Amino acid sequence: MAPPLTFTFDLEDHRPAGEPWPERFTEPTLRILEWLEERSIRGTFFVVGTLAQDHPQLVRRIAGHGHEVGLHHWTHTQLTEMTPAQFRVDVDRGKRVLEDILGEEVAGYRAPTASLVPRTAAAADLLAEAGYQYSSSVLPAHNPLFGFPGAPNEPFRWPCGLAEFPLAVAGFGPAKVPVTGGTYLRALPWPVVAAFRRFQPWAPGNSVYFHPYDIDPDEPFWWVDDAGRLAPILWIGRRGMLGRLDRLFADGGAPPLRERMHLADRGGVFHPPATVGVA
Ligand SMILES: [Zn+2]
């Protein structure tokens, strides 16, 4: 049977830039806090820095429920779209803002859209230099958007010492998918998820990841830039998502990622292919 998963949530503002639409992330976030409270599960919330700056009370509320707060970059920009210098400025600023809000050190970082890929692997060094202790930014498989084929499925350490918690993937050969998160968790028929869980279980230290919009069935459709032509699948299965979580967490959840870094020592050091910089 698969080991318990850590609950992780990427708190981001999913509105199209420049549109005067009301924000939709607070209500699903509060609903998730309640859902976790009822089940005595503590997890990790990765928050976009600009969102945290504008909504510090929401960040404090998350921490007040006993959850860990990490950074989901300063803006929701993929690492492939920035220089190493810009990346470093952003992760410094995000850490400072979160720590000012929380009054405690921030240990964790998650790249937008799992964009820590072979050509951005130098980001691990920059995160360690900035004082982060771990990242959860790698999708260790081929993927239509971003992926890091060849990276371990289990928590590991980068050569600089930073711990990495890869997203859970399951499947056979190159056809591995991140079955415990986002679109895959919403859209795959439940028997498929259950079969993965039974026959291709994910590793200790893996997590469920999703976003406010994953449980927001009433959001009007729009073409999400990050997803390109895949945008329509972002709307599939939202109404059933909490039911999926109920099943995945029926036996409880694993602790926040910050409390599981010993698992990365067990996984050992992963040497990525040589890279020249973040972008
Ligand atoms: Zn994100």
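Residues numbered from 1 in each chain as written. Predicted model: local features only at pLDDT ≥ 70, side-chain atom pairs only at ≥ 80, totals over all residues. Heavy atoms only, no water.

Participant: Please provide a residue-by-residue account of the packing of aromatic side chains, values included.
Facilitator: As enumerated under the stated definition, the model contains 20 aromatic pairs in all. Each ring, one from Trp35 and one from Phe249, has its centre 6.0 Å from the other, and the planes form 80°; the classification is edge-to-face. Within this pair, whereas Trp35 is found in helix 1 (residues 26–39), its partner Phe249 is found in the loop between helix 8 (241–248) and helix 9 (262–267), the two being separated by 214 residues in sequence. The class of Trp35 is buried, set by a relative accessible area of 5%. Clustering of aromatic rings is evident, with ring pairs tying together Phe7, Phe9, Trp35, Phe45, Phe210 and Phe249. Across from the ring centre of Tyr132, 5.7 Å away, lies the NZ or CZ of Lys95, which sits over that ring. The ring centre of Trp235 lies 4.4 Å from the NZ or CZ of Arg238, which sits over that ring. (Phe/Tyr/Trp six-rings, centres within 6.5 Å; stacked < 30°, edge-to-face > 60°. Helix = DSSP H or I, 4+ residues; strand = E, 2+ residues; numbered from the N terminus. Buried < 20%, exposed > 50% of the residue type's maximum accessible area, 1.4 Å probe, protein only. Lys NZ or Arg CZ within 6 Å of the ring centre and 35° of its normal.)

Participant: Can you explain helix 4 (residues 84–102)? Please cite residues and give values.
Facilitator: One full turn of an α-helix is made of 3.6 residues, so residues set three or four places apart face in the same direction. Helix length check: helix 4, at 19 residues, gives a terminal C-alpha distance of 27 Å against a target of 27 Å (1.5 Å per residue), a fit within 8%. Buried within helix 4 are the following residues: Phe87, Asp90, Val91, Gly94, Lys95, Val97, Leu98, Ile101 and Leu102. Against the buried residues of helix 4 lie helix 2 (49–54), helix 3 (56–64), strand 3 (68–71), strand 4 (108–109) and helix 5 (123–129). Gly103 lies just past helix 4 and shows a positive phi near 70°. (Expected span 1.5 Å × (residues − 1). Contact = heavy atoms within 4.5 Å.)

Participant: Account for the coordination of the zinc ion, with residues named and values stated.
Facilitator: For the zinc ion, the full set of protein donor atoms is Glu12 (OE), His72 (NE2) and His76 (NE2), and the range of their distances to it is 2.0 to 2.1 Å. Take His72: its relative accessible area is 1%, and that puts it in the buried class. (Donors = N, O, S within 2.8 Å, 3.2 Å for Na, K, Ca; no water.)

Participant: Outline the pattern of salt bridges, supporting the account with residue identities and numerical values.
Facilitator: Pairs can form between side chains of opposite charge once their charged atoms are near each other. The final tally for this structure, using the stated rule, is 16 salt bridges. The partner of Arg39 in a salt bridge is Asp246, with the nearest N and O atoms 2.7 Å apart. Highlighted residues: Arg39 in helix 1 and Asp246 in helix 8, separated in sequence by 207 residues. Residue class for Arg39 comes out partly exposed when judged on its relative accessible area of 31%. By relative accessible area, which is 33% here, Asp246 ends up partly exposed. For Glu104, the salt bridge goes to Arg258, with nearest N and O atoms at 3.7 Å. Here Arg258 lies in the loop between helix 8 and helix 9 and Glu104 lies in the loop between helix 4 and strand 4, a separation of 154 residues in the sequence. Its relative accessible area of 41% is what places Glu104 among the partly exposed residues. Each of Glu38, Arg39 and Asp246 takes part in a single network of salt bridges with overlapping partners. (Salt bridge = Lys/Arg side-chain N within 4 Å of Asp/Glu carboxyl O.)

Participant: Give me the lowdown on unusual backbone geometry, citing residues and values where you can.
Facilitator: Of note, the phi angle at Ser40 is positive, near 55°, even though the residue is not glycine. Mapping Ser40 onto the fold places it in the loop between helix 1 and strand 2 (44–47). Phi angles above zero are rare outside glycine, and His73 is one such case at about 65°. Counting through the fold element by element, His73 comes out in the loop between strand 3 and helix 4.

Participant: Mind laying out the pairing of strand 3, listing which residues take part and the relevant values?
Facilitator: Burial along strand 3 is two-sided: Glu68 and Gly70 and Val69 and Leu71, pointing in opposite directions, are all buried. Where strand 2 meets strand 3, four bridges bridge the pair, whose relative direction is parallel. Bridge pairing links Phe46 to Gly70 in strand 3. (Pairing = 2+ DSSP bridges.)

Participant: Mind laying out the side chain of Asn206, listing which residues take part and the relevant values?
Facilitator: One can find Asn206 in the loop between helix 7 (190–199) and strand 10 (207–210). Reaching out from Asn206, the side chain makes a polar contact with the backbone oxygen of Pro166 at a distance of 3.3 Å. What Asn206 contacts, discounting residues up to four positions off in sequence, is Leu5, Thr6, Asn153, Pro166, Leu167 and Ala168. (Polar contact = N/O pair within 3.5 Å; in protein donor to acceptor, adjacent residues only side chain to side chain.)

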